[in-house]
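Results of the structural survey
Read off the chains here:
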Amino acid sequence: MKRKQQSVALAESIDSDQENSESDESFCDDGEGDTDDADQSVARNSKTQPEKKAKISKKELYRPPTNEELNQLKETENLFHSSLFRLQVSELLNEVQLKAKRQKQTEEAVMTVSQMIRSLKKTVEHELQSQKWLKNIKAPIHQKPRAVKGKFQFVPPAEILTTGSFVTGTCIKPNITVDLVVVIPQECFQEKDFMNHRYLRKRALYLAVIAKRLHEIHGLKDLQYTYHHGNALKPSLIVNFPSGEHRPVCLNITAVPEDGVFKLSRFHISKNNVRRRWFLEEGAGDSDTDKSSPTPFYNNTVLQDLTLRENATYLQSTLGDNPNLRDGIALLKVWLRQRELTQGFGGFSGFLISMFVAYLITQRKISHLMSSYQVMRNVILHLAQSDWTKEPLTLCSSFDAFEQPDPCLFYEHFAVTFVDVTGYVNLCSDISKGLYDRVRHEADLALKFLENHSMDSFAALFMTPVEFFRKFDVTFQIQNISKTEVEKLGIENKYVDYGGNIVQSLGSDLHALISRGLGQRVCVTQVRQSPAPKWDITSDPPDCESSEPVQVGLLLNPEFAFSVLDKGPPAESPEAKEFLDFWGDRSELRRFKDGSVCEAVPWTKKSLLSEKRMVCCRVVQHVLERHVGIIPESVKCFVDQLDPLLQCPVNNDSDDVCGTGEEQHNDVIQKYDELCKLLRNLKDLPLSINSIQGSAPVFRYSEVFPPLPALCNKEHVVEKGGRDLPQNYTKQCPQYNMSLNVICLLEGSGKWPDEKKAFNRLMAAFHIQLAESIKTQYGFPVSVYPRHIDVVKDNYVFRVVLGYTREIALTKMVKTPEGMVKYKDNEEALTLEREIQGLPRLTSTLHGIQQLHASFSSTVRLVKRWIAAQLLAEFVCDEAVEIIVAHLYLHPSPYTPPSSPMVGFQRFLYLVGNHDWKNSPLMVNLNDEFTAEDYQEILGRFQRERSSRPLMFLSTPYDKHASSWTRHAPSAPLLQRLVVLARGSLDVLNRLIQEGADNSSFKQLFRPPLETYDLIIHLARKQLPRQHEAVDREVSQLPVKTKGRVAKTSDPMDNLQYFPVYDYDPPSLFMNELKEIYGDFALFFYDKYGGKYIAVLWKPTAFTPKDFKVSHLAGRKVKTMESGDKDVTVVPNLEAIVDDFRILGRGLVSHIHVQQSNLKS
C-alpha cells in the first residue's frame, strides 16, 4: 500500500508538471505585461487597417554603415565578449530591470505609505517589557529573557528614507522590494538603551506599532514580518501595497535611530553590550568576567543601523547615474541569485556586491567608461583573485587608532572582513567562510566559462539555476540540534552574542570542524543559508531554538575524496598528540611500505567503490559525534540512497551484494583483455586481425547489471553439441546470462569479392576458420554462426564478430539499369556502419571518460535503470542515453563534473527536462574534437534542416549532422513523456532530500505511473529470469539457484566446458513478437530489468475505419455503416487482440488487466 501511494505521489507531481509544461519561467514575473491605453488603441487600429510593408530600395539595402553603427560595432568588439553576447545581455537587462510604468507605480506606493506613517499619532509611554497594549499584534523579536529595563513610547518618525537598490537603479526582477527606512526620533530612547537588547526591542516595538496602525487605521491587510537579510536581531515589516489591477508593490520597512543617539565607539567590536548573566538568567557572579567577553555580532548589528545613511550616501554618490555601472551590478545580481548565494542569513547580498563595485571604483580597478560586461567581468576577476579571509578590504579613507578598530582586528571574530566607510562596521559579519569560498569558486568557474569561446557562457552564467542539491557532490543534514551542542563546544558567549540563535552561533564552528576532518577531500564546504522566514503580524516569530535541519554541501576533490586511509604524523612526533586528540580511538598505529610508523585513520576495510563514496560521510559523522556530541543517526547523508537500484543480490541466504557493479565491470574487462591477447596470437588465419574492440555496454562501464560468471547447474544436462539443456523447464526459467559483443576488424586485402552475396559467404568461411583455430589452440567451447561466433571463456560468453570496412561500401552499392554503380545510404548500411565503426569508437571514448571520472559508470547505469523503470527503454536507445550522460561530464557548466552518482542523476533529469530539444541540438564534444567553427556549422545546419532532423538531436564529432542513435526514436509524444517524467522525478527527488526521507522512499522515483495505459499484461514470476534486478525485488521470489559469487574463476575446475543458457529472456522475446505482429495497433512498454508486466497503449490511428480489403483484415473485424450504405469498413477487434496476447504468451502471461474502457464491441 505504501509503494502504491508513493507511485501515485510521483504521478501527481508529473500531472501537475504537464499542466505547467507550456509556461516557461521568466525573469519578468512582476505584473508588467500590461500596455498603455494608447498602445492598445494603436494595436486595435492596426488590426483593422494593416500597414503595408515599406519597400526598401536596393540603394538603401546596401548602403554603408553609419557612424553610429560603426561605433556600436567597435564597442562590441572592444567592450563585449561577442556580438551575440551583447545582444543576450541587452535582452536580459531589458527583462530584469524595472519598466518606467512599474517604477511610477512603485514611487506612488512609496509616497502613499510614507504619508500614512507620518500621520501616525504619538502614544502614551509603556514599560518596555509590558506589551499588552499591542493587543493581537505581536512584536517581531524574541524576548527571552523577558525582564528588561526601560520604557517605550511611539513618536512619529523624524524622517522616512528610501534606500537600497531602488534608489541606485540596480534592482532586478522578479520580487522587487523597496527599502523604506523610518528614522526613530531621539526622544524614544533612554540612557543605556545600547545594552541588553533594549535598542533592538524598541526598534521591534516601533515596527509593531506601525503595523498595528497601518492595519487598523488605514486598512492594509497584507502585512508580514521578516528578518532583514535573515538576521533574527533585525526584523522588518513587509507591506504589500495594492496597486489597482497590477501586482502589489512590496515595501520592506526597517527602522534606524536618529543621528547622535549612540556613539559609534560604544559599539567597538571588542566591547561587551549584552551581559551574559542577564541573557542566560544566571545567578550573581563576577561582573568583570561578565563584561570581558565582547559581543561583536550584536555590536555590528546595531552599527549597521547607525551607519546606514552614511553608507547609502557613499554608494549612491560613487555609482552616480552611470548606466553601465548599474547594468553591470544588475548582471552580477542575476549571477549570484541564480546560484542561491543571496538568500537568507549569511547571503552575499546585492548591497554587498554593490559596495564591492564601489570599492573597485575607488581603487581605480573599474572605470566609468567600461561597458556593463567589462564591469561584471572585472568584479568577478577580483572576486576570484582576492582573499577577504586574509587581506581585509576597507572603504574607510581615514583611520583613528584610538576610536576605530584595526581592520585586521575583525579577523578575531569574523571569518571574512570588508569594512565600511565609517571604519566601524564589517559588511561581511554574517558571511561564513564556506559561503565566501563558494563565491570565489563560482567566480573562478565564471572566468573559465567566459574564456571558453566554444561554449554558451551566457546560459551558464545567467540562465541556468544552480540549485544547492545539484551543485554539491555530497549533501547531508544535521538534525536535532539543541543548546547541548553549544555547551559541548563551550561557545556560550557566542550563543549570547547571536541572541540565542543556536544554528547561527554554531555555524562557524561546525564548518571549521568539518573542514578540518575532511581536509583535502573537499574543495568547498558550505552550510546552506535558509531563506528568511515570513510570518503574520499577529503571530509570534519563529522559534530559533527549535530550528530546521542544517544542510551542508561538499564539493569533492576526486583526487583525494575516496581515500580509505588518512595518514597522520609519525608516532613519536609532537603533532601525534594533537592528531590523537582530534580523531580519538579511530586512530591507530600503522607501519607503511617506506618503513615509517605513523598514526592513521582507516575508514573502511572493503575496496568497493560504493564503500569509498561513503568515506566523507563517515568522517563527518565521526567528527561531529566526537567534538559536538551529535550522534551519527542525526547526520543524514545523501549519497548512497539510489545505490540499491544498482546492487544485485549474490545469493538468497545472505544480504551480500556485489557493490554497485564497478568491480564486476573491471572483472569482465580483465577477461576481455585476456581474450584479445589470445585472438591476436591465433595462427592459421587467412587474414590477420587488425584491431579488436568490445562493443557491448559492459566494455564502456554502462551495463546496468554487469554479467556474473555462469555456473553449472546440476539439474541441467549437456547435449552433444556442448549446450546446457535445463530440465523441469516448466518449474523455473533458467538464469539469465548475456553474450558480450566483440568486433574484430580484419586487415585490408584486394582479394575480397565485389558482390555482397559472395562477400557474405566468404565472411561465413572466415568465421568457421576462426572457430576452428580457437577450438584447436585453446580448447574453448565455440559455436559458429554465419555472422559471428560465440566463445565461452572463464564462464563468460563472448560473441566475436569479424568485420571489414569495405562491407559498408558493398552494402551501399547500387547498380543502375545502365550498368552504372552508385553508392546510396540505406538502413542496412547505416546499421552496419554503427555496429563495426560507430559503436567501437563510442565504447573506446566512454571507457576513457570512466577512467577520468569514477562516477560516470554508476551515473549512466542509474539513468538507464530509471529510463527502463519508466518503461521507455525500448524508445530511447542505450547509446543515446550514454552520450547525454557524457555531456554532463564533458560540458558540466555551470557546475564541475559530478563526483557522485546521486548528483549526476539529478543533473541528467534537469538536462532532459529543460533542454530545448525543439530548437537546439545537444552537442557533445567527445575527445575534444569540436572547434568553434564546428559549433556554428552544426547549429546553422540544424536550424536550416530542422524539419528533417530527429526530435532528440545528438551531435558528436563522429556524427555531426545525422544523430544516428536517435534517427527513429523517440517520437514526439514519447519525448514529451520523457521530459515530463524527468521534471516530475526531479521535483520529487529534491523534496525527498529536503525532507530527509528514509532510503526506501527514494525507490518511488523508479515506480512508473500506470494510469495512462490501456492494458497491463501481468507475467508469471517463474518465467522471469531477471526478476532479481527489479526495483521492488522480493528475495523469496528469486531463483532457487542464483549465481553464487562475484567472479573469481582462477580455478580451472570452475570453468565451463560447454555453453550455458544465454541471451534467453522470455519477456523480451514476447515483446519482440508483440511489436512485430501488433505494432500497428499499439505501443508496448516493458522494464527489461526484471519487469513484472507489459503495459499496452492503443494507437489512436488504429481506430480509424479502413476499407474492406484482405490486407486490412489482420486484427480487425467487419463493421457496416449504420446509415444502411453498402460500404463496409473494418475496425480493430480489440477483444480478439487481447485474446491473442493470452494465446501467444501462454505459460508466460499470468493475467491481463484492462484499465481503460476502449474495448468496444
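In what follows, the accompanying structure is described. (Residues numbered from 1 in each chain as written. Predicted model: local features only at pLDDT ≥ 70, side-chain atom pairs only at ≥ 80, totals over all residues. Heavy atoms only, no water.)

1. Comments concerning helix α5 (residues 83–96)
- Counted at 1.5 Å a residue, the expected span for α5 with its 14 residues is 20 Å, and the 20 Å between its end C-alpha atoms agrees.
- Here α5 has its buried residues at F85, R86, V89, L92, L93 and V96. Along the axis of α5, the buried residues cluster in a sector spanning 130°; they form a single face. Exposed residues lying more than 90 degrees from the buried face of α5 are S83, L84 and L87. (Helix = DSSP H or I, 4+ residues; strand = E, 2+ residues; numbered from the N terminus. Expected span 1.5 Å × (residues − 1). Buried < 20%, exposed > 50% of the residue type's maximum accessible area, 1.4 Å probe, protein only. Arc of directions from axis to C-beta.)

2. Regarding the sheet that holds strand β23 (residues 789–793)
- Strand order in this open sheet of five strands is β18-β21-β24-β23-β22, and the pairing throughout is mixed. Of all strands in the sheet, those bounded by a partner on one side alone are β18 (689–694) and β22 (782–784). For this sheet, the mean inter-axis angle between neighbouring strands, taken without regard to orientation, is 25°.
- As defined by bridge partners, β23 adjoins strand β24 (residues 796–803) across five bridges and the pair is classed as antiparallel. Bridge assignment links K793 to a residue of β24, and that residue is Y796.
- Along the sheet face, helix α25 (residues 662–680) touches β18, β21 (739–746), β23 and β24 and points at about 170° away from the line of β18. (Pairing = 2+ DSSP bridges. Axes fitted to C-alpha atoms, helices over the stretch in contact; angles between N-to-C directions. Contact = heavy atoms within 4.5 Å.)

3. Focus on the environment of T464
- Its place among the elements puts T464 in the loop between α17 (457–463) and α18 (468–471).
- On the basis of relative accessible area, T464 is assigned to the buried category, the value being 17%.
- Sequence spacing of T464 and R339 is 125 residues, and the spatial spacing of their C-alpha atoms is 8.8 Å.
- Setting aside its immediate chain neighbours within four residues, T464 contacts Q338, A459, P894 and Y910.

4. Topic: the sheet that holds strand β14 (residues 565–570)
- Strand order in this open sheet of three strands is β14-β16-β15, and the pairing throughout is antiparallel. Each edge of the sheet is formed by a strand with only one pairing partner; in this case those strands are β14 and β15 (588–591). Pairwise comparison of adjacent strand axes, ignoring direction, gives a mean angle of 45° for this sheet.
- As paired elements, β15 and strand β16 (residues 597–602) share four bridges and run antiparallel to each other. Bridge assignment links E588 to a residue of β16, and that residue is A600.
- The strands touched by helix α22 (residues 575–583) are β14 and β16; relative to β14, the strand with the most contacts, the crossing angle is about 145°.

5. A look at the packing of aromatic side chains
- The final tally for this structure, using the stated rule, is 48 aromatic pairs.
- Aromatic rings pair up to connect F348, F356, Y359, W388, F418 and Y436 into one cluster.
- For the cation-ring pair, R470 lies above Y910, with the distance from its terminal atom to the ring centre recorded as 4.0 Å.
- If you follow K567 out to its NZ or CZ, it ends over the ring of F592, 4.6 Å from the centre. (Phe/Tyr/Trp six-rings, centres within 6.5 Å; stacked < 30°, edge-to-face > 60°. Lys NZ or Arg CZ within 6 Å of the ring centre and 35° of its normal.)

6. Quick notes on the packing of helix α29 (residues 856–869) against helix α31 (residues 901–914)
- For the pair α29 and α31, interaxial distance at closest approach is 8 Å and the crossing angle is 50°. In terms of orientation, α29 lies oblique with respect to α31. As for how α29 packs across α31, the hand of that crossing is right-handed. On the side of α29, the interface is formed by S858, T859, L862, V863, W866 and I867, while α31 contributes P901, G904, F905, F908 and L909.
- Tallied by class, the residues present in the contact of α29 with α31 amount to eight nonpolar, three polar and no charged. (Parallel < 35°, antiparallel > 145°, perpendicular 65-115°, else oblique. Left-handed = near helix turned anticlockwise from the far one by under 90°. Nonpolar A, V, L, I, M, F, W, Y, C, P; charged D, E, K, R; others polar.)

7. What to know about the nonpolar core
- In this structure, F418 and L554 are the most contacted members of the largest nonpolar core, which totals 169 residues.
- Once residues within four sequence positions are removed from consideration, F418 is found in contact with L352, M355, F356, Y359, W388, L393, T394, L395, V425, N426, L427 and C428.
- Residues F472, F705, F1002 and V1031 belong to the second largest nonpolar core, which totals 73 residues. (Core = buried A, V, L, I, M, F, W, Y, C linked by side-chain atoms within 4.5 Å.)

8. Observations concerning the packing of helix α30 (residues 878–890) against α31
- It is at 10 Å that the axes of α30 and α31 come closest, and there the two elements cross at 110°. Between α30 and α31, the angle falls in the class roughly perpendicular. On α31, the residues that touch I884, V885, H887 and L888 of α30 are G904, R907, F908, L911 and V912.
- A class-by-class count of the residues in the contact of α30 with α31 yields six nonpolar, two polar and one charged.

9. Side note on a nonpolar patch on the surface
- Together, F1108, V1110, L1113 and V1118 line one region of the surface with nonpolar side chains, adding up to about 390 Å² of accessible area.
- On the secondary structure map, L1113 appears in the loop between β32 (1106–1107) and β33 (1116–1120). (Patch = residues over 30% accessible without salt bridge, like charges linked within 9 Å, V, L, I, M, F, W, Y side chains within 5 Å. Areas by Shrake-Rupley, 256 points an atom, 1.4 Å probe, with all protein chains shown as cover. Salt bridge = Lys/Arg side-chain N within 4 Å of Asp/Glu carboxyl O.)

10. Here's the deal with the pattern of salt bridges
- Across all of its chains, the model carries 52 salt bridges by this definition.
- We note a salt bridge from E467 to R470, for which the minimum N-O separation is 3.3 Å.
- K494 serves as the salt-bridge partner of D509, at 3.0 Å between the closest nitrogen and oxygen. With D509 in helix α21 (residues 502–518) and K494 in helix α20 (residues 492–497), this pair connects stretches of sequence that are 15 residues apart.
- Exposure remark for D509: the relative accessible area of 22% places this residue in the partly exposed category.
- When salt bridges that share partners are traced, they join R700, K864, D878, E879, E882 and K1088 into one network.

11. Looking at the side chain of N990
- One can find N990 in helix α33 (residues 972–995).
- For N990, a relative accessible area of 14% translates into the label buried.
- Within the structure, N990 has its side chain in polar contact with the side chain of E467 (distance 3.5 Å).
- The contacts of N990, once residues within four sequence positions are left out, are E467, F469 and Q906. (Polar contact = N/O pair within 3.5 Å; in protein donor to acceptor, adjacent residues only side chain to side chain.)

12. Some words on the environment of N666
- Among the structural elements, N666 can be located in helix α25.
- Sequence separation of N666 and V698 is 32 residues, and the distance between their C-alpha atoms is 9.1 Å.

13. So, unusual backbone geometry
- Omega for the peptide link from K144 to P145 comes to 0°, which places this bond in the cis form.
- In this chain, S893 is followed by P894 through a cis amide linkage whose omega measures 5°.
- Residue position: P894 is located in the loop between α30 and α31.
- For N175, which is not glycine, the phi torsion reads 60° and is therefore positive.
- Take N175: it is sitting in the loop between α7 (165–168) and β4 (177–184).
- Using a relative accessible area of 61% as the deciding quantity, one classes N175 as exposed.

14. With respect to the state of the cysteines
- In the structure shown here, the tally under the stated rule is zero disulfides.
- Of the cysteine sulfurs around C744, a residue in no disulfide, the closest is that of C676, at 7.2 Å. (Disulfide = S-S within 2.5 Å.)

15. Some words on the pairing of strand β5 (residues 223–227)
- Of all five residues that make up β5, four are buried, and the element is covered over most of its length.
- Sheet topology places β5 next to strand β6 (residues 235–243); five bridges connect them, and they run antiparallel. Bridge pairing in β6 links Y227 to P235.

16. Things to note about the environment of P686
- Within the secondary structure, P686 is located in the loop between α25 and β18.
- On the basis of relative accessibility, which here comes to 55%, the residue P686 falls in the exposed class.
- Between the C-alpha atom of P686 and that of L770, which follows or precedes it by 84 residues, the distance is 9.5 Å.
- Beyond its immediate chain neighbours, meaning those up to four positions away, P686 contacts F766 and Q769.

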